[in-house]
Amino acid sequence: MDPEVVQIIDQRVLPHQLAVVDLRSHHDAVMAIKEMWVRGAPLIGATAAFGCYLGALEAPEKGLHHHMQTVYSDLHKTRPTAVNLSWALDRVRKAVADLQTKSDLIKMTMAVAQDIVEEDVKICRDIGLHGLSLIETMHHSNERSPVQILTHCNAGRMATIEWGTATSPIYHAHERGIPLHIWVDETRPRNQGARITAWELGERGIPHTVIADNTGGLLMRQGKVDLCLVGTDRTASNGDVANKIGTYLKALAAHHNNVPFYVALPSSSIDWNASSGDDIPIEERDPEEITHISGFDGEVIRRVQLTPGESAALNLGFDITPAEFVTALITERGICPASEQGIRSLFPEGNYCPT
Ligand code: MRU
């Protein structure tokens with residue numbers, strides 16, 4: 001293994017190809033995050049930390065910190081909504097602040113990136129164990145079997161290092177033999193649900209059905225959803241949640257139909273400086289993600305035009321679900337109300353950044 005290369009899975013071609021790509025510079029890491037070769041809030045953070053490591057390898061012997069400022073800034077500009085990005089960059093920045101030599105900088109950036117990766121595995125596992133209790137309760141009180149869960153986008157292992165956030169309780173429940181069925185929102189425009197969540201669930205043999213994004217409301221009305229379980233890219237300190245566009249509509253439908261709506265998150269997705277969802281920047285992406293669509297024709301992945309050439313398209317990547325529509329937050333430290341008091345009850349120290 002080349003120690004100057006960081007390898008990622010290129011998620012753009014999943015599930016049709018499993019392509020491993022070498023990142024050789026911090027510019028490669030910038031490209032990988034910006035163009036969504038990697039995506040999902042925790043994985044964006046981990047990739048950014050490894051981007052700092054690649055940046056450290058490029059550093060001149062003199063002017064280390066000046067060089068690293070450029071690296072942080074290039075990485076920071078890639079995607080605005082997932083707060084894990086700035087969380088990871090801040091963590092690297094603090095860890096290297098007093099270092100004087102390039103070799104120490106390289107060692108430290110690698111150590112921080114590896115710590116983030118190792119912690120993420122444990123954190124996501126613990127989110128799953130806490131969320132499991134909800135599914136177990138649902139299972140015991142459910143006359144009907146299986147427990148039916150609706151999820152949006154991909155908050156699975158491809159969005160993290162392992163386990164996923166929203167999928168972790170699902171994996172734990174499946175391992176314990178609780179019968180499950182997952183409704184997977186396709187999640188236009190990039191179809192992370194149809195492509196990635198469905199693939200991940202299929203890998204583990206977890207029964208699931210992909211649905212068009214607009215189907216969930218009817219399924220809830222028909223009593224076919226026991227709970228909704230989604231991830232988040234940034235949670236404001238009052239419990240408002242930013243997640244993939246369309247999450248808000250699911251939360252509204254869930255509220256109207258008395259379906260519990262849970263959000264699973266690592267504490268690195270909490271933005272202590274955002275007092276409400278209004279403070280969260282919403283990413284606007286290339287309209288071509290709406291006007292064009294890619295799919296596998298049996299031989300190659302093709303991209304085709306979907307809309308009339310002259311039609312404008314607006315591509316907002318995330319929406320805000322107000323805390324009042326979130327039944328509870330599932331974190332690595334337990335389950336809490338989606339409120340400032342609730343979050344503080346689990347994280348009294350605020351910004352959680354183990355070193
Ligand atoms: O634009 P994406 O694919 O990075 O958006 C991802 C999501 O919205 C996920 O739900 C979120 O990052 C939680 S990941 C555990």
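Cut-offs and rules
- Each chain has its residues counted from 1, following the order in which its sequence is written.
- Residues qualify for local features only when their pLDDT is at least 70, as the model is predicted, and side-chain atom pairs are given and counted only at 80 or more; totals for whole chains, interfaces and linings, by contrast, use all residues.
- Where side-chain values are given, they derive from all heavy atoms of the structure, hydrogens and water being excluded.
- Near, as used in this document, describes a residue that has one of its heavy atoms within 4 Å of the molecule or strand being considered.
- Within 3.5 Å is the distance limit for a polar contact, defined as a pair of N or O atoms, with the added protein rule that one can donate a hydrogen and the other accept it, and that residues adjacent in sequence qualify only through two side-chain atoms.
- Strands here mean DSSP runs of E at least two residues long; helices mean DSSP runs of H or I at least four residues long; both are numbered from the N terminus.
- Polar here means any residue other than Ala, Val, Leu, Ile, Met, Phe, Trp, Tyr, Cys and Pro, which are nonpolar, and Asp, Glu, Lys and Arg, which are charged; Gly is therefore polar.
- All the domain ranges listed were derived from an automatic or database domain assignment.
- Each pair of aromatic rings taken from Phe, Tyr and Trp, with Trp reduced to its six-membered ring, is defined by centres within 6.5 Å and is described as stacked if the planes are under 30 degrees apart, edge-to-face if over 60, and tilted in the remaining cases.
- Whether a charge sits over a ring comes down to the Lys NZ or Arg CZ being within 6 Å of the ring centre and within 35 degrees of the ring normal.
- Whenever a carboxyl oxygen of Asp or Glu lies within 4 Å of a side-chain nitrogen of Lys or Arg, that contact is scored as a salt bridge.
- Buried means the residue's accessible area, taken with a 1.4 Å probe over protein chains only, is under 20% of the maximum for its type, while exposed means over 50%, and partly exposed covers the values in between.
- As a working definition, buried area equals the accessible area (1.4 Å probe) given up by two parts on being put together, with both sides summed.

> Go over the site of the ligand with me, naming the residues and quoting the values.
Around the ligand, the structure places 19 residues, and the nearest of them are Arg39, Arg79, Gln192, Asn243 and Lys244. For the ligand, an oxygen atom lies 2.8 Å from a polar atom in the side chain of Gln192. Mapped by element, the contributors of at least two residues to the shell around the ligand are helix H2 (41-57) and strand S8 (241-244). Looking at the shell around the ligand residue by residue, the class counts come to seven nonpolar, eight polar and four charged. Looking at which domains feed residues into the shell around the ligand, each of domain 1 (6-118) and domain 2 (126-346) gives three or more.

> Help me get a handle on the packing of aromatic side chains, residues and values and all.
Under the counting rule described, the total for this entry stands at zero aromatic pairs. In this structure, Arg204 is placed above the aromatic ring of Tyr171, and the distance from its NZ or CZ to the ring centre is 4.0 Å. One residue, Lys244, lies across the ring of Phe318, its end atom 4.1 Å from the ring centre.

> Outline the pattern of salt bridges, supporting the account with residue identities and numerical values.
Enumeration over the complete set of coordinates arrives at 18 salt bridges. A salt bridge links Glu283 to Arg79; the shortest N-O distance between them is 2.8 Å. Here Glu283, found in the loop between strand S10 (270-271) and helix H10 (288-291), pairs with Arg79, found in the loop between helix H3 (64-76) and helix H4 (84-96); they are 204 residues apart in sequence, far enough to count as distant. Here Glu283 matches Arg79 in class, with each residue buried.

> I'd like a rundown of the domain arrangement of the protein, residues and numbers included.
We note that the domain assignment places domain 1 (6-118) and domain 2 (126-346) within the protein. Here domain 1 and domain 2 have C-alpha centroids that lie 26 Å from each other. With both chains or domains summed, domain 1 and domain 2 bury close to 2,400 Å², and 59% of this area falls on carbon and sulfur atoms. Taken as a group, Arg39, Thr81 and Val83 account for 26% of the area that domain 1 buries against domain 2, more than any other trio of residues on that side. Put simply, domain 1 and domain 2 have 15 residue pairs in polar contact (both at pLDDT 80 or more) between them.

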